[in-house]
Amino acid sequence: KTRIETPETGGPFTMTVSNDNDQTTLENIMIGEVWLCSGQSNMEMPLKGFPGQPVAGGNEEIVRSRNKNIRLITIPRDSKVTPKNDFDGGWQEASPEYVSDFSATAWYFGSLLNDALDVPVGLIHVSYGGSNVEAWMSEEMLKDFDSISVPQKKEDIGEPNRTATALYNGMLSPVIGYGIKGTIWYQGESNYDRPFQYKHLFKKMVSEWRREWKQGEFPFYFAQIAPFDYSVFTPDTMVEKYNSAYVREAQLQASKEIPNSGIAILTDVGERDNIHPAQKKKGGERLAYLALAKTYGLKGFEYESPEFNALEIKDNTVIVSF
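First, a word on what this report is: a plain description of the structure on this page.

Rules and cut-offs
Residues numbered from 1 in each chain as written. Predicted model: local features only at pLDDT ≥ 70, side-chain atom pairs only at ≥ 80, totals over all residues. Heavy atoms only, no water. Helix = DSSP H or I, 4+ residues; strand = E, 2+ residues; numbered from the N terminus. Buried < 20%, exposed > 50% of the residue type's maximum accessible area, 1.4 Å probe, protein only. Lys, Arg positive; Asp, Glu negative; His and termini not counted. Charge placed at Lys NZ, Arg CZ, Asp CG, Glu CD. Pairing = 2+ DSSP bridges. Axes fitted to C-alpha atoms, helices over the stretch in contact; angles between N-to-C directions. Parallel < 35°, antiparallel > 145°, perpendicular 65-115°, else oblique. Left-handed = near helix turned anticlockwise from the far one by under 90°. Contact = heavy atoms within 4.5 Å. Nonpolar A, V, L, I, M, F, W, Y, C, P; charged D, E, K, R; others polar. Core = buried A, V, L, I, M, F, W, Y, C linked by side-chain atoms within 4.5 Å.

Overview of the overall build of the chain
Check the secondary structure of the chain and you find nine helices and eleven strands. When its C-alpha atoms are laid out on the principal axes, the chain stretches across 80 × 50 × 40 Å. Relative to its full complement of 322 residues, the chain shows a buried share of 50%. Looking at the chain, you have 33 positive and 44 negative side-chain charges, and the mean spots of the two groups are 1 Å apart.

Right under this line is the structure:
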């Protein structure tokens, strides 16, 4: 690894790296805004959708996706008990072939940034369906959470997406240190049954990611999980206590306590019987509105969702203001 000064936005550029014995030339390099896109299945869900679960408008978006100024890379799934340093993969120019399998949320986010800023955009996609937040945290990050077990050997990894540190070591670690502008995050569904712990885990994760990247408090924008009938997964006696509203409340609280962050509200796109809402464009673009306003300073448009202000009861009427 090395750090170098980069030229102004644009490209394509060519760079040659050499020492006394070897020389490597890298071509078709673009300089622009790079964002890390992480989370669980709602971040992982590709523009072509999951089987039986399409993304609304995804097919049309795929067909129109060719763009040399948007570059994509997806980190392959992996789980480890010790941090990796590298992975197999490379940047791809946006085209139907690659965009169809790429995160829909990340694509809509990056595509709007590219349109609005008129600069190249790079999207690093590192997500794993069904993952809980502690899977994306290191052992050091979890030392204050006694109830969470950290694997010490390969055999200790049961479900990779639900094992503490496994995805941090296997997928995130080789990316840490790459020059990024900020992060977007869509996760929380797999922690719905531990809502009161989630805020503390999430805040710790964000602060420690920032510390390890050594880029200060870079922007961190995240999606509030959409409503879903969790009784599909949970005994009826537990649904009241562990419905997803508690996690959404924890996420809203976290957005107030994490510096340089923002939350995209998705209450209106939830589907009772589908944990993967089809309206991925709304989520991706709401994350982009936050970035365009709060990170890039664009003005003249709404970028934050309505937020609860007060509740008043008059006879048999409840009045909620935002």
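Past the structure itself, the notes keep going.
As for the sheet that holds strand β9 (residues 261–264)
Across the sheet, seven strands lie side by side as β5-β4-β6-β3-β7-β8-β9; this open sheet has mixed pairing. Among the strands making up the open sheet, the edge pair consists of β5 (92–94) and β9. Direction aside, the axes of adjacent strands within the sheet are offset by 25 degrees on average.

What about unusual backbone geometry?
Put simply, glycine 11 and proline 12 share a cis peptide bond, and its omega is 5 degrees. Note on placement: proline 12 falls in strand β1 (residues 10–18). Despite not being glycine, asparagine 260 has its phi angle at roughly 50 degrees, a positive value. Within the secondary structure layout, asparagine 260 lies in the loop between α8 (245–257) and β9. The class for asparagine 260 is partly exposed, based on a relative accessible area of 33%. In this model, aspartate 315 sits at a positive phi of 55 degrees, which is unusual for a non-glycine residue.

Quick notes on the pairing of strand β2 (residues 23–31)
Judged from the six bridges that link them, β1 and β2 form a sheet pairing that is antiparallel. Bridging from a neighbouring strand, valine 17 pairs with threonine 24 of β2. Where β1 hands over to β2, the hairpin turn is made up of four residues, counted between the paired strands.

Observations regarding the packing of helix α4 (residues 104–117) against helix α9 (residues 280–295)
Here α4 crosses α9 at 45 degrees, and the two axes come no closer than 7 Å. Taken together, the axes of α4 and α9 are oblique relative to one another. Judged by the sense of rotation from one axis to the other, the crossing of α4 with α9 is right-handed. Across the interface between the two elements, Ala104, Thr105, Tyr108, Phe109, Leu112, Leu113, Ala116 and Leu117 of α4 pack against Lys280, Lys281, Gly284, Glu285, Leu287, Ala288, Tyr289, Ala291 and Leu292 of α9. Class assignment of the residues belonging to the contact of α4 with α9 gives a composition of twelve nonpolar, two polar and three charged.

Quick look at the nonpolar core
Counting 47 residues, the largest nonpolar core has Trp136, Trp185, Phe202 and Met205 as the members making the most contacts within it. Only β3 (33–39), β6 (121–127), α5 (166–172), α6 (195–213), β8 (220–223) and α8 provide two or more residues apiece to this core. Element by element, the count of residues in this core is highest for α6, at seven residues. Sequence-distant contacts of methionine 205, defined by excluding residues within four places in its chain, comprise Val133, Trp136, Met137, Trp185 and Phe220. Counting residues in each nonpolar core, the second largest holds 34 residues, with Val55, Ala94, Ala106 and Leu292 among its members.

Remarks on the environment of alanine 164
Within the secondary structure layout, alanine 164 lies in the loop between β6 and α5. Under the relative-accessibility criterion, alanine 164 is labelled buried at 3%. When the C-alpha atoms of alanine 164 and proline 151 are compared, they prove to be 7.1 Å apart, with 13 residues separating the residues in sequence. Setting aside anything within four residues of it in sequence, one finds alanine 164 in contact with Glu134, Ala135, Leu142, Ile148, Ser149, Val150 and Pro151.

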